[in-house]
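Observations on chain architecture
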Amino acid sequence: DVKVTQSSRYLVKRTGEKVFLECVQDMDHENMFWYRQDPGLGLRLIYFSYDVKMKEKGDIPEGYSVSREKKERFSLILESASTNQTSMYLCASTIKGFSGPNYHEQFFGPGTRLTVL
Amino acid sequence: AQSVSQHNHHVILSEAASLELGCNYSYGGTVNLFWYVQYPGQHLQLLLKYFSGDPLVKGIKGFEAEFIKSKFSFNLRKPSVQWSDTAEYFCAVIPDSNYQLIWGAGTKLIIKP
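Remember, it's a predicted structure, so these values are computed and weren't measured experimentally.

Cut-offs and rules
- Residues numbered from 1 in each chain as written.
- Chains lettered and ligands numbered in written order.
- Predicted model: local features only at pLDDT ≥ 70, side-chain atom pairs only at ≥ 80, totals over all residues.
- Heavy atoms only, no water.
- Helix = DSSP H or I, 4+ residues; strand = E, 2+ residues; numbered from the N terminus.
- Rg over C-alpha atoms; globule rule 2.2 N^0.38 Å.
- Buried < 20%, exposed > 50% of the residue type's maximum accessible area, 1.4 Å probe, protein only.
- Areas by Shrake-Rupley, 256 points an atom, 1.4 Å probe, with all protein chains shown as cover.
- Lys, Arg positive; Asp, Glu negative; His and termini not counted.
- Charge placed at Lys NZ, Arg CZ, Asp CG, Glu CD.
- Contact = heavy atoms within 4.5 Å.
- Buried area = accessible area lost by both parts, 1.4 Å probe.
- Salt bridge = Lys/Arg side-chain N within 4 Å of Asp/Glu carboxyl O.
- Polar contact = N/O pair within 3.5 Å; in protein donor to acceptor, adjacent residues only side chain to side chain.
- Nonpolar A, V, L, I, M, F, W, Y, C, P; charged D, E, K, R; others polar.
- Pairing = 2+ DSSP bridges.
- 1 Å grid on protein atoms, 1.4 Å probe; cavity = no way out; pocket = protein on both sides within 12 Å on 5 of 7 lines; lining within 4 Å.
- Points joined across faces, edges and corners; volume = space filled by probe spheres on them.
- Axes fitted to C-alpha atoms, helices over the stretch in contact; angles between N-to-C directions.
- Phe/Tyr/Trp six-rings, centres within 6.5 Å; stacked < 30°, edge-to-face > 60°.

For chain B, the helix and strand inventory stands at 0 helices and 12 strands. Its C-alpha atoms give chain B a radius of gyration of 13 Å, within 12% of the compact-globule value 13 Å for 113 residues. Each principal axis of the C-alpha distribution contributes one length, and for chain B these read about 45 × 25 × 20 Å. Taken across its 113 residues, chain B has 49% of its residues classed as buried. Carbon and sulfur atoms form 52% of the exposed surface of chain B, whose accessible area is close to 5,300 Å². Counting 9 positive and 8 negative side-chain charges, chain B places the averaged centre of each group 2 Å from the other.

On to the interface of chain B and chain A, then. On the chain A side, the residues contacting the 20 residues of chain B number 23 residues. Together chain B and chain A conceal approximately 1,800 Å² of surface at their shared face, both sides included; 56% is due to carbon and sulfur atoms. Joining chain B to chain A, the criterion identifies 1 salt bridge. As a salt-bridge pair, Glu105(A) and Lys49(B) come within 4.0 Å of each other at their nearest N and O atoms. On the surface where chain B and chain A come into contact, there are 4 residue pairs in polar contact (both at pLDDT 80 or more). Those elements that provide at least two residues to the side of chain B that touches chain A are strand E5 (31-38), strand E6 (44-50) and strand E10 (87-95) of chain B. Considering every element that reaches the side of chain B that touches chain A, the biggest residue donor is E5(B), with 4 residues. Its residues assigned to classes, the side of chain B that touches chain A comprises 11 nonpolar, 7 polar and 2 charged.

Bringing the pairing of strand E12 (residues 107-112) of chain B into the picture now. Consecutive residues of a regular strand have side chains that alternate between opposite faces of the sheet. All names here are of chain B. Of the two faces of E12, only one is covered, namely that formed by Thr 107, Leu 109 and Ile 111; the face formed by Lys 108, Ile 110 and Lys 112 stays uncovered. Note: strand E2 (residues 10-14) against E12, 5 bridges, orientation parallel. Each bridged residue has a counterpart across the sheet, and for Leu 13 the counterpart in E12 is Ile 111. As defined by bridge partners, E10 adjoins E12 across 3 bridges and the pair is classed as antiparallel. In the strand pairing of E12, Glu 88 is matched with Lys 108.

Turning to the layout of surface pockets, a few remarks are in order. Remark: the empty space left among the atoms is shown by a probe the size of a water molecule rolled over them. Empty space within the largest pocket amounts to approximately 530 Å³. Those elements that place two or more of their residues in the lining of the largest pocket are strand E4 (31-38), strand E9 (87-94) and strand E11 (112-116) of chain A together with E10 and E12 of chain B. Counted by class, the lining of the largest pocket contains 12 nonpolar, 8 polar and 5 charged residues. What the second largest pocket holds in volume is close to 200 Å³.

It is worth spelling out the sheet that holds strand E3 (residues 19-25) of chain A at this point. Residue and element names in this part refer to chain A. In space, the 4 strands of this open sheet follow the order E1-E3-E8-E7, with antiparallel pairing throughout. For this open sheet the edge positions go to strand E1 (4-6) and strand E7 (64-70), each flanked by a neighbour on one side alone. The average undirected angle you get between the axes of adjacent strands in this sheet is 20°. For E3 and strand E8 (residues 73-78), the ladder comprises 6 bridges, and the chain directions are antiparallel. Its bridge partner being in E8, Phe 20 is matched across the sheet by Ile 77.

With the rule as written, the count across this model stands at 16 aromatic pairs over all chains. Taking 5.9 Å as the distance between ring centres and 80° as the angle between the ring planes, the aromatic pair formed by Phe108(A) and Trp103(B) counts as edge-to-face. Residue Phe108(A) is located in strand E10 (residues 107-108), and its partner Trp103(B) is located in strand E11 (residues 102-103); the two belong to separate chains. With relative accessibility at 4%, the residue Phe108(A) sits in the buried group.

Residue and element names in this part refer to chain B. The element E5 is largely enclosed, with a buried count of 8 among its 8 residues. With burial as the criterion, each face of E5 is covered, one bearing Val 31, Leu 33, Trp 35 and Val 37 and the other bearing Asn 32, Phe 34, Tyr 36 and Gln 38. Note: E5 against E10, 8 bridges, orientation antiparallel. Bridge assignment links Leu 33 to a residue of E10, and that residue is Val 93. Judged from the 6 bridges that link them, E5 and E6 form a sheet pairing that is antiparallel. Bridged to Leu 33 within E6 is Tyr 50. Taking the residues between adjacent antiparallel strands as the criterion, E5 and E6 are bridged by 5 residues, where Gly 41 takes a positive phi near 75°.

Here's what the structure looks like:
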């Protein structure tokens, strides 16, 4: 079974703090994604990575950065946390490739519920 | 801009009732379609997907969805729901030429025992 793990289930931080969210997958997937999930808004893509050291902006990258130094690990960084970044953060991964029936099934981690005070 | 619309944000049903959750998308070309489910306290997981072929797709736990191209729809159905179907359901679409899933806002389904 594919397993995607996230470093914390719950996190409370203060405004202005630097926050690291980590995601690790064990299925040798090339593609990894960070989303935020907010009620009534579904999932919004923050960043994704299709290879080590490669990253692409999603729909809402402002205030976030990412790091992918190893294939299995994809980190989301909030450089200076703000209250409007209080949300559920989901990490996902998929196999390589941008077409075909297997690519698009994304495997998700359990999520990190971040509260910024 | 491409978008996915889920008509109901909250649905409450009694056990054994039939379920249909609506999903419409705005892209005019070839699409791949998905329903994901998030049970309380659990990961998002794939319920079913459509890529090509028979427009009636069967998924896990007795769910099915029908792709109607002329209506840009991919509605999720289940003939008889159970209390354990209480969850949030997300429709997602990926235009064939794109890498990015476009997500609906989700529908929270509550089944009363």
